[in-house]
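# Fold and geometry: a report
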Amino acid sequence: MSEEEKKPRLSRAERLAAEREKSLAHWEEQDAILFKHREEAYDIGGAGQVARLAKQGKKPMRDLIKLLIDPGTDLYEVGLDAGYDIGKKRLYGGEIYDSEKRGHIPGGGVVTGVGTVMGKDCMIFANENRYAAGTYFPITLKKHMRAQAIAEQCELPCVYIADSGGINLPLQVGCFADDGHFGTMFYNMCRMSAKGIRQYTLSTGGNTAGGAYIVYLASESIMIEKMAYAFLAGPPMVKSAIGETVSPEDLGGAYVHTQHSGGCDHFVRTQEEGIAKLRAMMEFEPSNKLCIERRETREPKFDFKEMMRCTPVDTYQYINIKDTIKCLADDSYFHEYKSNYGPGRGDSVIAGKMWIKGIPVGVIASNASGVIYIDAARKATEWMIRCGNSKLPVLFLQGSPGYMVGKAEEWGGIGKYGSDMVRACTCLDTPKITYVIGPDHGAANYGMCGRAFKPRFAFTNMRGRTTVMSGETAGFIVETVRRKNIIDKGGAVNEEEMATFRQMMRDRYDSEGHPFYTGSLIFHDGVVAFSEARDKIARGFEIALRVPIKESYWGDLKV
């Protein structure tokens, strides 16, 4: 008898218990990887960069942000994963990243997030001057614009802590002069200012060429004596253009712009004094409001570790989404919509509402395999319309590999009903937050409010995989085409090569869909650990509800 046969057989309950503990251990390990991944962005350049800044009388930007925000509060960071191994993606610069040795930009070159200053929420932008003199790479601009978009949607005042050399010149083709490039920063500042969304700048270093407009376009700006400079052209360019020799201080220092040009409003002598001035400005901002009725917070009956235990290790294994919801919802209470509709087909999407930290929200959640059938699409569409008509924010828990395919589904109208779901998701004009917790493929990314459908915030956990389809499916499709081409040309299929190719496609798609990969390109606003999920989602809705909820207009639905 083999050793395996000698082992006592486990009961079903024992097998489930063992599986739950295995899942817990796996997700604890994955979240530990996530926390380690973040450290590089928190501590760019290590002690050497801190020492370099100290010689200039400067603190790292993250230290300045801690001084700026209220004690006991945290920065609600967005886009932290931007820029990781960006050169390998061959996007936004390609081989230039390699030649310049700038293919890895932890944090994307700028710190962005919502902070609470004098009790008021504001969007904070801080150039990461520990990396490449705070210059803007294409991915830096994308991150900056994303934060400005959130600020405009939520009507948050903006605070810029500026210390940047402007566009990273070797990568200028991805930074100037398209929509979404460097000039859009200033366009956004002007548009927000025109809407009454205040823009504040503390210059703590050089702001050259276009970067100087961060100072000039602010509602109020601050410059630090003998540390901050702003000019359309620095001393070398001035010398080249007109032959004039001038120091940075005399060309565009704090005394020039506060006493003579009028380009800056406040003169300070230290970074700490500048931060104090920013806080004084924010004190005059209107108090925060929450444009929804909020009740008292009630803790869930199940903690985040229960969510880990109930989350399968395999991204494509069936999931009971109610086990996730009970760990997010106040008092673990979920009011389900159409719980008995379309058994086995309608329940691949769960709909309903709950409270999260006292805030009422609607829920559209992938369940079981996550495959969206006709019945599930109908239910989701109906519920989005009801949430929109009730002005209820909506949380999308996305774990769907796509809509159901095949003759029966096409004849039954999966295209039509799936399109209605996409339209409803598009036209739903209440605050939306998407949290990817599994497969995120194809048109399901659309109907479940992927980034293109403008959720106020989009997050993922370490289980999420965002690609056009699964690697298994992509490998099968491409392999089928390859086989046909070989056979049509009279050749013989090498099965060993085909097996290698299939595995390559699986690995490639798993890599390209991984949260660190998609985060590096800012396809989402951050990877969220299980322990953070409830707080992160609730705070996101709180920020989104700083402005009144709009009416939703549904267009030409075909139901």
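Residues numbered from 1 in each chain as written. Predicted model: local features only at pLDDT ≥ 70, side-chain atom pairs only at ≥ 80, totals over all residues. Heavy atoms only, no water.

Bringing the pairing of strand S6 (residues 220-224) into the picture now. Within S6, 4 of the 5 residues are buried, leaving the element largely enclosed by the surrounding structure. Taken together, the 4 bridges between strand S5 (residues 199-208) and S6 define a ladder with parallel strand orientation. Its bridge partner being in S6, Tyr200 is matched across the sheet by Glu220. The pairing of S6 with strand S8 (residues 266-268) spans 3 bridges and is parallel. (Buried < 20%, exposed > 50% of the residue type's maximum accessible area, 1.4 Å probe, protein only. Helix = DSSP H or I, 4+ residues; strand = E, 2+ residues; numbered from the N terminus. Pairing = 2+ DSSP bridges.)

Moving on to the packing of aromatic side chains. Here the structure, examined in full by the defined rule, presents 13 aromatic pairs. Both rings, one in Tyr446 and one in Phe453, keep their centres 5.6 Å apart while their planes meet at 40°; by these two values the pair is tilted. Look at Phe453 and you get buried, because its relative accessible area is 15%. Each ring, one from Phe457 and one from Phe459, has its centre 6.0 Å from the other, and the planes form 5°; the classification is stacked. Accessibility classification places Phe457 together with Phe459 in one group, the buried group. (Phe/Tyr/Trp six-rings, centres within 6.5 Å; stacked < 30°, edge-to-face > 60°.)

As a further point, take the pairing of strand S4 (residues 158-164). Of all the 7 residues making up S4, 7 are buried; the element is thus mostly covered by neighbouring parts of the structure. The side-chain alternation of S4 yields two buried faces, one formed by Cys158, Tyr160, Ala162 and Ser164 and the other by Val159, Ile161 and Asp163. Bridge count between strand S3 (residues 120-127) and S4: 4 bridges; the pairing is parallel. Of the residues in S4, the one forming a bridge with Met123 is Cys158. At this point the chain moves from S3, through helix H6 (residues 138-154), to the parallel S4, and the crossover so formed is right-handed. Pairing of S4 with S5, which is carried by 6 bridges, proceeds in the parallel orientation. (Right-handed = clockwise from strand over helix to strand, strands pointing away.)

Attention shifts here to the sheet that holds strand S11 (residues 359-366). Across the sheet, which stays open at both edges, the 6 strands sit in the order S9-S10-S11-S12-S13-S15 with mixed pairing between neighbours. Each edge of the open sheet carries a strand with a single partner, namely strand S9 (335-337) and strand S15 (457-460). Each strand axis lies, on average, 20° off the axis of its neighbour in the sheet, ignoring direction. Against the sheet, helix H15 (residues 374-389) makes contact with S9, strand S10 (349-356), S11 and strand S12 (394-398), and its axis sits at roughly 30° relative to S10, the strand it touches most. (Axes fitted to C-alpha atoms, helices over the stretch in contact; angles between N-to-C directions. Contact = heavy atoms within 4.5 Å.)

Scanning all chains against the criterion turns up 37 salt bridges. The shortest N-O distance in the salt bridge between Glu77 and Arg62 comes to 2.6 Å. Here Glu77 is found in strand S1 (residues 76-77), whereas its partner Arg62 is found in helix H4 (residues 61-68), with 15 residues between them in sequence. No difference in accessibility class separates Glu77 from Arg62, as the two residues are buried. (Salt bridge = Lys/Arg side-chain N within 4 Å of Asp/Glu carboxyl O.)

With that out of the way, let us pick up the side chain of Thr518. Along the chain, Thr518 falls in helix H21 (residues 515-520). Looking at Thr518, the relative accessible area reads 2%, which means it is buried. Only 3.3 Å separates the side chain of Thr518 from the backbone oxygen of Pro515, close enough to count as a polar contact. Here Thr518 is in contact with Thr466, Glu512, Gly513, Phe523 and His524, once residues within four sequence places are set aside. (Polar contact = N/O pair within 3.5 Å; in protein donor to acceptor, adjacent residues only side chain to side chain.)

Next up on the list: the packing of H15 against helix H17 (residues 414-427). A pair of packed helices can be characterised by two numbers: the angle between their axes and the separation between those axes. For the pair H15 and H17, the least separation of the axes is 9 Å and the interaxial angle reads 25°. With respect to H17, the axis of H15 lies roughly parallel. Taken as a pair, H15 and H17 cross one another with a handedness that is left-handed. Here Ile374, Ala377, Arg378, Ala380, Thr381 and Met384 of H15 lie close against H17, whose contacting residues are Ile414, Tyr417, Gly418, Asp420, Met421, Ala424 and Cys425. (Parallel < 35°, antiparallel > 145°, perpendicular 65-115°, else oblique. Left-handed = near helix turned anticlockwise from the far one by under 90°.)

Here we come to the side chain of Glu128. Along the chain, Glu128 turns up in the loop between S3 and H6. The contacts of Glu128, once residues within four sequence positions are left out, are Ala41, Ile44, Gly109, Val110, Val111 and Gly134.

Tracing the backbone through its elements, the reader meets Glu272 in helix H12 (residues 271-282). Residue Glu272 is classed as partly exposed on the basis of its relative accessible area, which comes to 39%. Discounting chain neighbours no more than four positions away, the residues touching Glu272 are Lys59 and Leu67.

A few words now on the domain arrangement of the protein. Each domain of the protein was delimited in the assignment, giving domain 1 (12-41 + 291-464 + 513-559), domain 2 (43-283) and domain 3 (469-511). Between domain 1 and domain 3, the C-alpha centre-to-centre distance is 32 Å. Each partner contributes residues to the interface: domain 1 has 5 residues there, and domain 3 has 5 residues. For domain 1, the biggest contributors to the area lost against domain 3 are His441, Gly513 and His514; these three give 68% of the whole. Remark: the boundary between domain 1 and domain 3 carries 0 salt bridges. Remark: the boundary between domain 1 and domain 3 carries 4 residue pairs in polar contact (both at pLDDT 80 or more). Here the side of domain 1 that touches domain 3 is composed, by residue class, of 2 nonpolar, 3 polar and no charged. (Domains from an automatic or database assignment. Buried area = accessible area lost by both parts, 1.4 Å probe. Nonpolar A, V, L, I, M, F, W, Y, C, P; charged D, E, K, R; others polar.)

Under the defined criterion, the tally for this structure stands at 0 disulfides. No disulfide involves Cys427; its sulfur sits 9.3 Å from that of Cys425, the nearest cysteine. Summary of cysteine pairing: Cys449 is not part of a disulfide, and the nearest cysteine sulfur, belonging to Cys425, is at 3.8 Å. Here Cys449 falls in the buried class, since its relative accessible area comes to 0%. (Disulfide = S-S within 2.5 Å.)

Moving on: the packing of helix H19 (residues 471-488) against helix H20 (residues 495-513). Look at H19 against H20: their axes get within 8 Å of each other, and the N-to-C directions meet at 145°. The crossing of H19 and H20 is right-handed. Facing Gly471, Glu472, Ala474, Gly475, Val478, Glu479, Arg482, Arg483 and Ile486 of H19, the residues of H20 in contact are Glu495, Met498, Phe501, Arg502, Met505, Arg506 and Tyr509. Of the residues belonging to the contact of H19 with H20, the class tally is 7 nonpolar, 2 polar and 7 charged.

A grouping of Phe476, Ile477, Val478 and Val481 is seen on the molecular surface, where their side chains present a nonpolar patch of about 350 Å² in accessible area. Looking at the secondary structure, you find Val481 in helix H19. (Patch = residues over 30% accessible without salt bridge, like charges linked within 9 Å, V, L, I, M, F, W, Y side chains within 5 Å. Areas by Shrake-Rupley, 256 points an atom, 1.4 Å probe, with all protein chains shown as cover.)

Here we take up the environment of Leu232. Topologically, Leu232 is positioned in the loop between strand S7 (229-231) and helix H9 (235-242). A relative accessible area of 53% means that Leu232 is categorised as exposed. Between the C-alpha atoms of Leu232 and Tyr84, which are 148 residues apart in sequence, the distance is 31 Å. Leaving out residues up to four positions away in the same chain, Leu232 has contacts with Ala209, Tyr213 and Tyr216.

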